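A look at the structure
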Amino acid sequence: MTENDVLHALSKVNEPDLGKDIVTLGMVKDVSVKDNVVSFTIVLTTPACPLKEVMRTDCINAIQQLDESFIVNVNFTSHTTSNRIDPKTILPGVKNIIAVVSGKGGVGKSTVAANLALALSQHNAKIGLMDADIYGPSVPIMFGVRGERPMMRNVNGKGMIVPIDRYGIKLMSIGLLVDEKNAVVWRGPMASSAIKQFVTDVDWGELDYLVIDMPPGTGDIHLTLMQTVPVTGAVIVTTPQTVALADAKKGIAMFAQAQLDVPVIGLVENMAYFTPEELPGNKYYIFGKEGGKNLAEEYDLPFLGQIPLVQSIREGGDQGVPVMMSDDEISRNAFENFANLAVRSISMINADLPAEKIAETVD
């Protein structure tokens, strides 16, 4: 068996999301054939790739169809894709910027943003979390960093704020800069100015994904951020009930406007059902059933999954230990599946696939 034989066999293995074979996509590197051992490396589009084991199995089967006596060693590395075409004067080391938004407050947007960031980081991706909710910052409480203050660092002659590091994630919030007992009573321009500083005066360094916990609604801060930084896409958070869905539609409409034109990564339904700790197999749809899923279908958007209403999620957020860092398997699995689908959707956005293809593949 030669290296060309190996490449020919692997050309029949498709990247599940992008719909092309891994050889054409340039994902196969370092092919080696020694005695009866074939080794090669696949370069993934993200370290958080959820389909790695599927690709491993497909590659082994493709090689062993040529000669089943060969041992196949499949190694993985990653090079996170990005669709940034701007000059990178702002956030130069950040490959993807994810805005987590909701049309209204009270839908658990900050909980979703925090656990999305943690789920991505557990796949060895470099993650930052920016709390852009100036009037109601939640990140310091949710990550157990209340009272901590970020340091300053000289970067190329400029003083830069160093984000707080917690669970391997870089954190920045107005709650780390002001006393939590004081209300932030700022007009829109001041709040927008603070957000600009969070992207220009914070040393975020090299990141695969910067998750931004946006304030609820559709206002000044949203416009400022979308027009200041090249946002890869937005995750829409809703709950199943009608009043939340009505506001989620406004969030979807905001990103469709010509002056923003930000892709929607997908829609996630939070508090989709209640599951009591003592009866983990039971689901009680106290806020309605599958409203978020139906809304995603109505707007032809990727549906990123359902997050249950579980007591441990609330307790973890209050105690500074997000549920992704707990032993609650039900909630962890829900957030893990949500993050996997979000990453797949981002990879397809970066590959410039049409929305219909994204929705079809992620569903």
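Structural data are supplied above this passage.
Residues numbered from 1 in each chain as written. Predicted model: local features only at pLDDT ≥ 70, side-chain atom pairs only at ≥ 80, totals over all residues. Heavy atoms only, no water.

We now examine the overall build of the chain. Looking only at helices and strands, the chain has eleven helices and 13 strands in total. Along the longest, intermediate and shortest principal axes, the C-alpha atoms of the chain span 70 × 55 × 40 Å. A burial count over the chain gives 52% of its 363 residues as buried. Of the contacts made within the chain by residues no fewer than 6 positions apart, 72% connect residues no fewer than 24 positions apart. When the accessible surface of the chain is totalled, it reaches about 16400 Å², and 48% of it is carbon and sulfur. Averaging the locations of the 30 positively and 43 negatively charged side chains of the chain gives two centres separated by 6 Å. (Helix = DSSP H or I, 4+ residues; strand = E, 2+ residues; numbered from the N terminus. Buried < 20%, exposed > 50% of the residue type's maximum accessible area, 1.4 Å probe, protein only. Contact = heavy atoms within 4.5 Å. Areas by Shrake-Rupley, 256 points an atom, 1.4 Å probe, with all protein chains shown as cover. Lys, Arg positive; Asp, Glu negative; His and termini not counted. Charge placed at Lys NZ, Arg CZ, Asp CG, Glu CD.)

The strands making up a sheet associate through hydrogen bonds between their backbones, and the pairing can be parallel or antiparallel. The strand order 1-2-3 describes an open sheet built from three strands, whose pairing is mixed. Because the sheet does not close on itself, it has two edges, and the strands there are strand 1 (28-34) and strand 3 (71-78). Averaged over all pairs of adjacent strands, the angle between their axes in this sheet comes to 15°, without regard to strand direction. Pairing analysis gives eight bridges linking strand 2 (residues 37-44) to strand 3, with the strands arranged parallel. When the bridges of strand 3 are listed, Val 38 appears paired with Val 72. Sitting on the sheet, helix 1 (residues 3-10) touches strand 1 and strand 2, and the angle it makes with strand 1 is about 130°. (Pairing = 2+ DSSP bridges. Axes fitted to C-alpha atoms, helices over the stretch in contact; angles between N-to-C directions.)

Applying the stated criterion to the full structure yields three aromatic pairs. Taken together, a centroid distance of 6.2 Å and an interplanar angle of 50° make the contact between Phe 143 and Tyr 167 tilted. Taken together, the positions of Phe 143 in the loop between helix 4 (139-142) and strand 6 (152-155) and Tyr 167 in the loop between strand 8 (164-166) and strand 9 (169-173) put the pair 24 residues apart, joining distant regions of the chain. For Phe 143, a relative accessible area of 0% corresponds to the buried category. Owing to a relative accessible area of 27%, Tyr 167 belongs among the partly exposed residues under this scheme. Between Phe 274 and Tyr 284, the ring centres sit 6.4 Å apart and the planes meet at 35°, which makes this aromatic pair tilted. (Phe/Tyr/Trp six-rings, centres within 6.5 Å; stacked < 30°, edge-to-face > 60°.)

Attention now goes to the environment of Ser 102. Mapped onto the fold, Ser 102 is located in the loop between strand 4 (94-101) and helix 3 (109-121). For Ser 102 and Ala 244, which are 142 residues apart along the polypeptide, the C-alpha to C-alpha distance reads 8.7 Å. When neighbours within four sequence positions are excluded, Ser 102 is seen to be in contact with Val 107, Lys 109, Pro 216, Gly 217 and Val 237.

To continue, consider helix 6 (residues 220-228). For helix 6, the set of buried residues is Ile 221, His 222, Thr 224, Leu 225 and Met 226. Of the surrounding secondary structure, the elements contacted by the buried residues of helix 6 are strand 4, helix 5 (188-200), strand 10 (207-213) and helix 7 (242-256).

Between helix 3 and helix 10 (residues 329-350), the least distance of the axes is 9 Å, while the angle of their chain directions is 75°. Put simply, helix 3 runs roughly perpendicular to helix 10. On helix 10, the residues touching Thr 111, Val 112, Asn 115, Leu 116, Ala 119 and Leu 120 of helix 3 are Phe 335, Glu 336, Phe 338, Ala 339, Ala 342 and Val 343. Considered class by class, the residues forming the contact of helix 3 with helix 10 number nine nonpolar, two polar and one charged. (Parallel < 35°, antiparallel > 145°, perpendicular 65-115°, else oblique. Nonpolar A, V, L, I, M, F, W, Y, C, P; charged D, E, K, R; others polar.)

So, on to the environment of Ile 71. Among the structural elements, Ile 71 can be located in strand 3. Residues Ile 71 and Val 184, spaced 113 residues apart in sequence, show a C-alpha to C-alpha distance of 62 Å. Here Ile 71 is in contact with Asn 36, Val 37 and Val 38, once residues within four sequence places are set aside.

Empty space left among the atoms is revealed by rolling a probe the size of a water molecule over them. Overall, the coordinates contain one cavity of 30 Å³ or more when judged by the stated rule. The space that makes up the largest cavity amounts to roughly 50 Å³. Surrounding the largest cavity, Glu 15, Asp 17, Thr 45, Thr 46, Cys 49, Pro 50, Val 343, Arg 344 and Ser 347 form its lining. Looking at the lining of the largest cavity residue by residue, the class counts come to three nonpolar, three polar and three charged. (1 Å grid on protein atoms, 1.4 Å probe; cavity = no way out; pocket = protein on both sides within 12 Å on 5 of 7 lines; lining within 4 Å. Points joined across faces, edges and corners; volume = space filled by probe spheres on them.)

Using the criterion set out here, one finds eight salt bridges in the structure. With its nearest N and O atoms 4.0 Å apart, the salt bridge here joins Glu 298 to Lys 249. Highlighted residues: Glu 298 in helix 8 (residues 291-298) and Lys 249 in helix 7, separated in sequence by 49 residues. Relative accessible area serves as the criterion here: at 52%, Glu 298 is assigned to the exposed category. (Salt bridge = Lys/Arg side-chain N within 4 Å of Asp/Glu carboxyl O.)

The next point concerns the layout of surface pockets. Its volume calculated, the second largest pocket comes out at about 300 Å³. Lining the second largest pocket are 15 residues, and of these Gly 108, Thr 111, Met 142, Ile 313 and Arg 314 sit closest to its centre. If you tally residues by element for the lining of the second largest pocket, the top one is helix 9 (residues 311-319), at four residues.

Note on placement: Asp 203 falls in the loop between helix 5 and strand 10. A polar atom in the side chain of Asp 203 sits 2.5 Å from the side chain of Arg 153. (Polar contact = N/O pair within 3.5 Å; in protein donor to acceptor, adjacent residues only side chain to side chain.)

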